[in-house]
Amino acid sequence: MKWDKPKCIGDIPTARSGHTFTNVESVAYMFGGCATSSDRKSVPGPSNDLYKLDMSTESEYYWAKLELGNESPRPCARWKHSATKIDDTQIVVFGGFTSSKETPRLNDVWVLDTSKDVWISSEDSVSSGSCQLSLWEAKGNAKHVDCPCPRGSHSSALVDDNIFIFGGYGGNGYARKDFNDLHVLCTKTWKWFELVTTGDSPQPRSGHKSVYFDGRFYVMGGWNAVETFNDVHILDVDSMMWTRVDSASGLESWGEHRWNFTAVATYSVPYWKIFVFGGNSGILDPTRPQGYYQNDMHVLETIVDQGGELRLEWSRPIVLGNRPCPRSDTEMFYSPATGALTLFGGWSNCWHEEVYSCHVGSVVGPTYNIFSITSEDCDAPIGPVTGGSRMILSGKGFCSVSSVASVIRLVCDKGFIDVSGEVLDDENVSFCTPNFLKYGAVRVDVRLKIGSQSFTNNSVDFSYFSVTSSEETVAFGPGILRGNNVNQQTLFAIQAKDKHCNNRISGMDEFIVKIDHLGTDGKETGVDYELVDKNNGTYCVHYTPHFEGNYRVDIQFVGTFKGHAGSIRGSCFQASAVKNEDGKPAFMAGELVQQHISVSIGNLKTFVSDGVKSLTKKEIAKDDLKTLVSVKETLRGIENQANLFETSIAATRANLQYLKKEKMKLPHLETSLKQLEMTCKSWFNLKVMVPVARERISFVDSAWTDKIKFKIEAYSKELQEKLVLFRKNHFWTYFGSQDQRLSKSVIDNSLAEAKVELESESRLLEENSYLCDIFDLQEFILPCQGLVEEMKQDIVMMKVMWKISEDLDEHITTIEKQVWRNLNVESLEDKAKEQLKAVKSSHKCVRWSPTFRAVDIKCKDYLSTIPLISLLMSKAMRPRHWGALIKVTKRPDFRPPTINNDIILGDVLSLNLHKISNDVEEICDQAVKEEKIEQTLAQMEERWSKINFTMSPYKKQNSDEEIPLLGIIEEDFESLENDQLVIQSILVSRFVAQFRDAVTKWQKELFNVNEVFLLISEIQRTWSYLEPLFIHSEEVKRELPEDTTRFASIDDNVQTMLKNAWATQNVNKAFNGIGLAKNLEFLQEQLDLCKKSLADFLDGRRRQFPRYYFVSEADLLDILSNGSHPEKILVHIPKVYLCTKTLIFSPDSKSEEGRPIATEFVAGVGSETCSFEPPLPLNGKVEIYMQHILDAQKESLFQTVKRSLVRYQEQTRKEWVLAKSSISKNSLDPAQTTLLVLAINYVAEVEQKLIDISRGERNALIKYSEKQKHQLSDLIQLTQSDLTEGDRTRVMVCITMDSHSRDIVEKMNRNKVVSLDSFLWQSQLKHKYRAPLPHARYQNRDPNLRGPDEERAEIVICDAILPYDYEYLGNGPRLVITPLTDRVYVTATQALNLNMGCAPAGPAGTGKTETTKDLANALAKVIYVINCEC
């Protein structure tokens, strides 16, 4: 703990004592006390000053005196009162002493509201609720009183919602005494109770302190008129029983008697601590009535053990810094934010005015603490020094800090390392141990820090262990020795060691052990084993050898904990097993181990002894090469065997130490250990002798080294000359003097002579190599060794080369006798490749030789002939091709297979085909290509002889005659295209000469088929399209007489042509008729003339009824053809009137012309039937009565609108929406009429409300909004009733429109719209029924759709006024109208008003098309959606 004195500025209070000092977050309130005056002249006395200390800035504190004004209530001046914080906004002040003679002591209650910094009396703070006092009353532990006796120097503490007041000095009137009563003030009801307690209650006292936590009320210290105290009492608030804690009381625990001190309780996870500072101490002494003033700090630790028992212990931490001078009657508080105790003022024969802070973070710690540490990998809190172990810190309060950043510090004597952790929950933090190689494998203290708080004040232990190094780890035991018993278990141990060769003390290492039985046949069989981790650095491996023989044991360390991985020291090990009927399982202290230890130590002793003898010989003479060689052999042996012996020493030592540690009975164990250590000492002494011996022989060694070097250089030159002679032997040459292959006997003799010479040379080389090895001249002998090895290799490889040559000759001789017609070319090629592979596999040392080159050329010539033989055996070879080959080879005597059926392969090989390979390939390629052309033409002939027409019958009107419409299936047409390409490619081939006439013929025929088919297909389509019009349509005949006559002639020719072709059936034959193409071209021209005349005729009809422009030509012709029969054109009604499905005719009456009379039209969108008003006779031309249908629909809708507007005012809204005809049971209004009338009335009502607002009715629009909500609720209720499909759709659309209307009105209310001219209202799409204004568009349109006063339905938006067009829309759904929809409406209607276009833009699927269609519905205009593909 450390004291410091923070800098204070502002209105610093005067010196005082007996005040209160209460902390609320980052500020503190100081009240009252016995204070000096600011001018230091007035007599000191009680004060009611209220000061506020701002501690939000660490560098300096700011004092402010709170001036509350004369009218504000405030407590009277007092000191030695109590102040209790009950929450972050209220501080309760009780009692105290005054300077008044009438009321020297007080028992009033005041509450400081810290949110407003004002005083209020307790009566003004009464709040609802109950407190724990009711439970105490029920138990008889509490009784209601008016208030405690007036007092001061008492103590107070907050217990849940109650303030406990204990003891003090005072009384009513002139009475004066010390108290030990306990009163409670309930902060919910502000009522006083006196508690009845039991047990060993404290004696009456004042100047004491009390605190409360964990259900216990502590009272400590104090004094009275008789004695002083150094005791601690605890009240259990549940049982209301007092207990004096002897372990925390008395001189040895508490210390000297103490009163007028200050005490604060703080929570230090997981227990509470009580800090006590200053006060008076001693015993009552007349000479020193105030005792001795103190400035020490001691702490009462409240520890709860695992059994729940409370244990109190006093501690006196070391205090550093500038501590306050001794004093009493001061006050202090603890701030968790700063981790410091702060005190002000006090008395020690003078008053004090300083602020001191004591940083107790090292004692209290942060708001969390750690208790233990566990490993996720093992039971103990240990981990490798290389780090990487996942550990869990267990504790409490880890979630009390908002920050999730945590730091774990691992500390040892040499330093510390910090790592980050992860808070898992309130009681666990996970972290990964860091690499601690910097400090080594030591025990460390682990502490935790979360966020900006300090490290925990207690720590937990964690131990690092060193990691295994494969280079130092050893193995021992019978399992890696020779002589184990078959079918009896054996074992060995692995002792893990670190890089310093120290034994590891923990387990968890990973080893890969591979045990293989080495069979006599070379087969390796794996053996199962069991590896046991003894958790002390030793690992035991058990296995059972089931077969007699040798075993290989390989032990690999995998690098656990980032240790050095690899084979352990001495691996691989060689073990063996033998059959022994009396054999027993091996064990670590058995005969094998004893014998191995004895042999190992003995071998080392012998080696050391021999080495010492050799190295201690007398001086070596200059010419004594033999002795010099002996000494150098010894030195080399020591160097070579050093690692082997040191590994044996390490393994033997580990073996003996293991036996000793495990207390196994091994005879002479201690003796063996001593012998080993003595031998080790001798070994190391021998190693020390090595450099001495080298120095002793250095002079002689240098001289002999130069001599031997000179000798070897001369020998190397001699070998070079011998190599040149060696390369001139006969076996290197293939041909003899007469260009004939050397005989086998010559070659064998040459090889044998060379081999004998080389054996003699090898013996000489071995002698020289030994000397070079002894005198470290290996680099000088290496070239000589290379030359001899090269010559040895040459002899071996040349023997192989001559064997390959013999095999090749034998193979060629064999295959030359095969008959041509029975040849298997694949087999020939495979065997030839085998021969070439054998030649190519020859060693590079013989590739320079004439023998290799000759054999290689012969093999390649033979292999290159095989593909030519394969080509010549092709069935495509004709006599003309063989003749060309004879001409090229200039062998007129050669009889080809077409003449000589028994020709053999040797005859063909005699042509030396490999010399004319290009000519042979050209001839054979020509034969293959010509054969392919021949086959292609034959296939084409066969295919087109089977390709016939397909026919779809065309049935003429008013006749049973069927005209065949010809076609070709898709596969056949694809064949036509492919065959044309094939013929074209054949024509450009250089091999077409033999077939030019046939190919030219097919080119012409296929061209005719293609052209004629295209023409006849177009003619068929046009003819079948025009035939019903020109032959059977009287109207067309009447309107186009000349073209009708022309088409009659065309009709005869087309029918004749189609019938003849169908009778022929075959496509090729039919389409290659003489003059057919020209005749078809003429028919095509005539049909185009008829088609043009018909198109002009149809355009005239479209101009008469423009909606025909949006009907396909075929449908229009059908309409015109059947115009005199209205029943037949009903199928086309939805194509002309987009939302009309069909018409309903009167079954009982006809028109004057005998035509049907339409009485109703049925919706094509949704479910609805509407009546024509009046019924409509369908007389005249079709384009005329179709225009009448459109006009009649509009007139009928207009009549329903007029009636519905009247009915809307007469009926309730629900009745009006679902009104039905009593006769037809259909709705009185089409759905379209319902929506229009709703919209008209909505606009009229809103505008009327805006007018009412201008007349002074301010809430008119607000009331209308409420009305809309009721109307909407009525419609929603209708959907919950049993409705028809059409009615349900009608109601749902009404709800959609009403919802939008409601939203608009609510928005107008929010924006306080009060005028009709507001843009928010003007920008809405509004339906009105009125006489058009002068500036309205289309003033004279549809005069028949007007009311008696020229009223019409129109749409108004901004300055655009457009008439309602009454296009029938059916009974379909409508889009939900959004603010974006309203914006589109404004833009689009402005474009319509200005006779301009509108192009909504945006990503696909955002509603551009649907919004435009919905606007058309609102205007009752027809809309055509055309998808353009650009």
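About the thresholds
- The residue count restarts for each chain, going from 1 along the sequence in the order it is written.
- For a predicted model such as this one, the threshold for reporting local features is a pLDDT of at least 70, and the threshold for listing and counting side-chain atom pairs is 80 or more; totals across whole chains, interfaces and linings nevertheless cover every residue.
- Side-chain figures throughout are based on the complete set of non-hydrogen atoms in the structure, without hydrogens or water.
- The secondary structure listing takes helices from DSSP runs of H or I that are at least 4 residues long and strands from runs of E that are at least 2 residues long, numbered from the N terminus.
- Computation of the radius of gyration draws on C-alpha atoms alone. For the globule rule, the value is 2.2 Å times the number of residues to the power 0.38.
- Three exposure classes are used, based on accessible area relative to the maximum for each residue type with a 1.4 Å probe and protein chains only: buried under 20%, partly exposed in between, and exposed over 50%.
- Any two residues whose heavy atoms approach within 4.5 Å are treated as being in contact.
- The Shrake-Rupley method, run with a 1.4 Å probe, gives the accessible areas here. Residue values count only the displayed protein chains as cover.
- Only four residue types enter the charge count, namely Lys and Arg as positive and Asp and Glu as negative; His and the chain termini do not.
- A single reference atom marks each charge: NZ on Lys, CZ on Arg, CG on Asp, CD on Glu.
- Any two strands are treated as partners once DSSP identifies two or more bridges connecting them.
- Residues enter a nonpolar core if they are buried and are Ala, Val, Leu, Ile, Met, Phe, Trp, Tyr or Cys, with the set joined through side-chain atoms within 4.5 Å.
- A pair is scored as a salt bridge if a Lys or Arg side-chain nitrogen falls within 4 Å of a carboxyl oxygen belonging to Asp or Glu.
- Fitted lines through C-alpha atoms serve as axes, helices being fitted only where they are in contact, and the angles separating the N-to-C directions of these axes extend from 0 to 180 degrees.
- Working rule for helices: expected span equals 1.5 Å times residues minus one.
- As used here, the arc is the angular range of directions from the helix axis to the C-beta atoms.
- Within 3.5 Å is the distance limit for a polar contact, defined as a pair of N or O atoms, with the added protein rule that one can donate a hydrogen and the other accept it, and that residues adjacent in sequence qualify only through two side-chain atoms.

A. Region of interest: the overall build of the protein. Looking only at helices and strands, the protein features 28 helices and 61 strands. Taking 2.2 N^0.38 as the reference for a compact globule, 1430 residues should give roughly 35 Å; the C-alpha atoms of the protein span a radius of gyration of 60 Å, well beyond that estimate. C-alpha atoms of the protein, sized along the principal axes, occupy 155 × 150 × 65 Å. Here the protein holds 1430 residues, and the buried ones make up 49% of them. In the protein, of all internal contacts separated by at least 6 residues, the share reaching a separation of at least 24 is 66%. With an accessible surface of roughly 71200 Å², the protein has 51% of that area assigned to carbon and sulfur atoms. On the protein, the mean spot of the 165 positive side-chain charges and the mean spot of the 191 negative ones are 3 Å from each other.

B. The arrangement of the pairing of strand S46 (residues 490–495) in detail. Counted residue by residue, S46 has six buried out of six residues, so it is predominantly covered. By the alternation rule, side chains of S46 split into Thr490, Phe492 and Ile494 and Leu491, Ala493 and Gln495, which are all buried. Taken together, the three bridges between strand S44 (residues 474–476) and S46 define a ladder with antiparallel strand orientation. By the bridge assignment, Ala475 is partnered in S46 with Ile494.

C. Looking closely at the nonpolar core. The biggest cluster of nonpolar side chains holds 118 residues, and the ones touching the most others in it are Trp944, Phe1071, Leu1143, Met1186 and Tyr1366. It is helix H14 (residues 996–1032) that contributes the most residues to this core, 13 residues altogether. With residues up to four places along the chain from it excluded, the contact list for Met1186 reads Phe1105, Tyr1108, Ile1119, Ile1129, Ile1133, Val1136 and Tyr1137. One finds Phe731, Trp820, Val839 and Leu885 within the second-largest nonpolar core, a separate group that totals 109 residues.

D. The pattern of salt bridges, seen in detail. Enumeration over the complete set of coordinates arrives at 68 salt bridges. With a closest N to O distance of 2.8 Å, Glu1173 and Arg1203 form a salt bridge. Here Glu1173, found in strand S58 (residues 1169–1177), pairs with Arg1203, found in helix H21 (residues 1182–1210); they are 30 residues apart in sequence, far enough to count as distant. With its nearest N and O atoms 4.0 Å apart, the salt bridge here joins Asp1287 to Arg1290. Pair noted here: Asp1287 and Arg1290 are both in helix H25 (residues 1285–1310), with a separation of three residues, about one helical turn. Taking relative accessible area as the criterion, Arg1290 reaches 3% and is therefore assigned buried.

E. Seen up close, the pairing of strand S35 (residues 355–359). Of all the five residues making up S35, four are buried; the element is thus mostly covered by neighbouring parts of the structure. Relative to S35, strand S1 (residues 2–4) runs antiparallel, the two being bridged by three bridges. Counted as the bridge partner of Asp4 is Ser357 from S35. As defined by bridge partners, strand S34 (residues 340–344) adjoins S35 across five bridges and the pair is classed as antiparallel. When the sheet's bridge partners are listed, Thr342 is paired in S35 with Ser357.

F. Broad picture of the sheet that holds strand S2 (residues 7–10). In spatial order, the strands read S2-S9-S8-S5-S4; together these five strands make up an open sheet with mixed pairing. The open sheet is flanked by S2 and strand S4 (20–24), the only strands paired with a single partner. On average, each strand axis in the sheet is inclined to that of its neighbour by 25°, with strand direction left out of account. As judged from the four bridges shared by S2 and strand S9 (residues 60–65), these two strands associate in the parallel manner. By the bridge assignment, Lys7 is partnered in S9 with Glu60.

G. View of the sheet that holds strand S7 (residues 45–46). In spatial order, the strands read S3-S6-S7; together these three strands make up an open sheet with antiparallel pairing. Since the sheet does not close on itself, it has two edges, and those belong to strand S3 (16–17) and S7, each with one partner. Relative to strand S6 (residues 34–35), S3 runs antiparallel, the two being bridged by two bridges. Residue pairing in the sheet places Ser17 in a bridge with Cys34 of S6.

H. Highlighting helix H24 (residues 1260–1279). Helix length check: H24, at 20 residues, gives a terminal C-alpha distance of 29 Å against a target of 28 Å (1.5 Å per residue), a fit within 8%. The complete set of buried residues in H24 reads Ala1260, Leu1261, Tyr1264, Ser1265, Gln1268, Gln1271, Leu1272, Leu1275, Leu1278 and Thr1279. Considered in projection along H24, the buried side chains sweep an arc of 135° and stay on one side of the axis. Projecting away from the buried face of H24 at angles above 90 degrees are the exposed residues Lys1263 and His1270. On its buried face, H24 is in contact with helix H22 (1213–1217), helix H23 (1231–1254) and H25.

I. Local environment of the side chain of Ser1227. One can find Ser1227 in the loop between H22 and H23. Among the polar contacts made by the side chain of Ser1227, one reaches the side chain of Arg1290 at a distance of 2.9 Å. Among residues more than four places away in sequence, those in contact with Ser1227 are Ala1219, Lys1220, Asp1287 and Arg1290.

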